[in-house]
Amino acid sequence: MSRSIACIDYRNGKIFIAKRQMTGDMGGRWEFPGGKIEEGEDLQTAVVREMQEEFGVTVTVGSKITSGTFMHKDKPCTLDVIEVQFPHDGMAEPFILTEHTEYKWVDIDTIPDLNFVDSDLSIYNDVRKWCKTK
């Protein structure tokens, strides 16, 4: 079974989301940033690598929030959801985007109103509950 990560930075009542490039199955849709865990990688290494590749920053890795499963091209995939903290909010000093066209900080309750990727919607309720405890 393949494994993926979703990275959650939640601060000041807002959660970080990014819009995927137009290519691929879920192109042009919003997501919690992350990606596939490569062979031999642990969660922390995968998180740091993905955020460096996708946003050009080194994040602080926190605890695991939840995990879930989803189907991708008829194959089961595990999705581990990890708390991260970006070194800054990307506003005064923009992130360097390689996999996304834009990003923003939103209220967690607005996620269902956005064109969000299916895999992240599958763990949305757990993420929302976690955010409400912060």
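Residues numbered from 1 in each chain as written. Predicted model: local features only at pLDDT ≥ 70, side-chain atom pairs only at ≥ 80, totals over all residues. Heavy atoms only, no water.

Visitor: How would you summarise unusual backbone geometry if you had to cite specific residues and measurements?
Guide: Where the residue is not glycine, phi is negative for most of them; where a peptide bond is considered, it is trans in most cases. Phi angles above zero are rare outside glycine, and Asn 12 is one such case at about 50 degrees. Along the polypeptide, Asn 12 turns up in the loop between β2 (10-11) and β3 (14-20). (Helix = DSSP H or I, 4+ residues; strand = E, 2+ residues; numbered from the N terminus.)

Visitor: Account for the pattern of salt bridges, with residues named and values stated.
Guide: One pass over the full model with this rule turns up 11 salt bridges. A salt bridge links Arg 11 to Asp 9, with the shortest nitrogen-to-oxygen separation between them at 2.8 Å. In this structure, Asp 118 engages Arg 29 in a salt bridge whose closest nitrogen and oxygen atoms are separated by 3.0 Å. With Asp 118 in helix α2 (residues 118-121) and Arg 29 in the loop between β3 and β4 (30-31), the pair connects residues that are 89 residues apart, well separated along the chain. According to the relative accessible area criterion, Asp 118 is partly exposed, its value standing at 44%. (Salt bridge = Lys/Arg side-chain N within 4 Å of Asp/Glu carboxyl O. Buried < 20%, exposed > 50% of the residue type's maximum accessible area, 1.4 Å probe, protein only.)

Visitor: Describe the nonpolar core, and please don't skip the residues or the numbers.
Guide: Grouped together as the largest cluster of nonpolar side chains are 20 residues, with contacts concentrated most on Ile 8, Ile 15, Ile 17, Phe 32, Val 81, Ile 111 and Val 127. With sequence-adjacent residues up to four places away left out, Ile 17 is seen in contact with Trp 30, Glu 31, Phe 32, Tyr 103, Lys 104, Val 106, Ile 111, Leu 114 and Phe 116. Within the second largest apolar cluster, 17 residues are counted, among which are Ala 18, Val 57, Phe 95 and Tyr 103. (Core = buried A, V, L, I, M, F, W, Y, C linked by side-chain atoms within 4.5 Å. Contact = heavy atoms within 4.5 Å.)

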